[in-house]
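Structure at a glance
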Amino acid sequence: MKTIVQISLDLTSIPEALETATLALRAGVDWLEAGTPLIIAEGMNGVRALRAEFPGVPIVADLKTMDGGWLEAQMMAQAGATHVVVMERAHPETINNASSIVIKGKDMVAAAKRLEDFGCDFVIHHVGYDERRGLAAMGKPYPSPLDQLREVVAAVRVPVQAVGGLSIEQAIRTPEYGAPLVVLGAPLTIDADAFKTASGNLEDKLRLVCDKVHAYRD
């Protein structure tokens, strides 16, 4: 699979999501993610607005579904999403009914194999925001998605994405580990505390990332 850059729109208003998406696509981003905060704040309207504004762009709906897989996936697809996120710890029937992209659980390699067996199209190797923040607050190190990334990639045939606590430099290098889907969200492009677009020249930052990630295609 060719390398892909995805921006996570972890925002709480449609106008800001559209504005950030516009500059991201101008910088070379390939996929848009309707982040969980946007879906909580705006529901399917956020996905509809992204689809109306960007008709040809893949849109990931980060629902983090645990139940009601078919209904939630169907509703998001009708709103314009091309992919839906479902949790690895959901019941197998939920995963079977909903999944295109999946966030995985504790035993990363075994979970990745399980999800591929269920027919998932993508696997997200994820370390959660609360987990990272909680451990950091206690002065403890927290795991990185890079820790087992090579093992996860080797265990499955579907594309893998690594998410959670990566620096921009680390995110850019994930294709070297065999993970071609590079996601940029909080705190790299989104203020993780305010759920606002990060300050500074975000477009230039994204363009630099896109140029480096897309260079892996050559």
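See the structure shown above.
Residues numbered from 1 in each chain as written. Predicted model: local features only at pLDDT ≥ 70, side-chain atom pairs only at ≥ 80, totals over all residues. Heavy atoms only, no water.

Glancing now at the pattern of salt bridges. Counted by the stated rule, this structure contains seven salt bridges. A salt bridge links Lys-64 to Asp-62; its shortest N-O distance comes to 2.8 Å. Residue classification places Lys-64 among the partly exposed residues on the basis of a relative accessible area of 30%. The partner of Arg-173 in a salt bridge is Glu-176, with the nearest N and O atoms 3.2 Å apart. (Salt bridge = Lys/Arg side-chain N within 4 Å of Asp/Glu carboxyl O. Buried < 20%, exposed > 50% of the residue type's maximum accessible area, 1.4 Å probe, protein only.)

This part is about the nonpolar core. With 59 residues, the main nonpolar core has Leu-32, Leu-50, Met-76, Leu-149, Val-160 and Leu-206 as its most contacted residues. For this core, the leading source of residues is helix H1 (residues 14–27), giving seven residues. Residues contacting Leu-149, with those up to four places away along its chain left out, are His-125, Val-160, Ala-162, Thr-174, Tyr-177 and Ala-179. Residues Trp-31, Val-60, Val-163 and Leu-181 belong to the second largest nonpolar core, which totals nine residues. (Core = buried A, V, L, I, M, F, W, Y, C linked by side-chain atoms within 4.5 Å. Helix = DSSP H or I, 4+ residues; strand = E, 2+ residues; numbered from the N terminus. Contact = heavy atoms within 4.5 Å.)

Here a ring pair, both rings aromatic, is described through the centre-centre distance and the interplanar angle of the planes. The tally for this structure, following the rule as stated, stands at one aromatic pair. Ring geometry for Trp-31 against Phe-122: centres 5.7 Å apart, planes inclined by 90°, an arrangement best described as edge-to-face. Note that Trp-31 is positioned in strand S2 (residues 31–34) and Phe-122 in strand S6 (residues 122–126), a separation of 91 residues in sequence. (Phe/Tyr/Trp six-rings, centres within 6.5 Å; stacked < 30°, edge-to-face > 60°.)

Bringing the environment of Gly-185 into the picture now. Residue placement: Gly-185 occurs in the loop between strand S8 (181–184) and strand S9 (190–191). In this structure Gly-185 comes out as buried when scored by relative accessible area, which is 10%. Taking the C-alpha atoms as reference points, Gly-185 and Ile-7, separated by 178 residues in sequence, lie 5.9 Å from one another.

Here the focus is the packing of H1 against helix H3 (residues 44–53). Between H1 and H3, the least distance of the axes is 10 Å, while the angle of their chain directions is 35°. Once H1 is placed against H3, the crossing between them reads as right-handed. Facing H1, whose interface residues are Ile-14, Ala-17, Leu-18 and Ala-21, H3 presents Asn-45, Gly-46, Ala-49, Leu-50 and Glu-53. (Axes fitted to C-alpha atoms, helices over the stretch in contact; angles between N-to-C directions. Left-handed = near helix turned anticlockwise from the far one by under 90°.)

Our focus in this paragraph is the pairing of strand S7 (residues 160–163). Alternating positions in S7 separate into two faces, Val-160 and Ala-162 on one and Gln-161 and Val-163 on the other, with burial throughout. Pairing of S6 with S7 involves four bridges; the strand directions are parallel. Each bridged residue has a counterpart across the sheet, and for His-126 the counterpart in S7 is Val-163. Pairing analysis gives two bridges linking S7 to S8, with the strands arranged parallel. Across the sheet, the residue bridging to Ala-162 is Val-182, located in S8. Each parallel crossover has a hand, and the one from S7 via helix H9 (residues 168–173) to S8 is right-handed. (Pairing = 2+ DSSP bridges. Right-handed = clockwise from strand over helix to strand, strands pointing away.)

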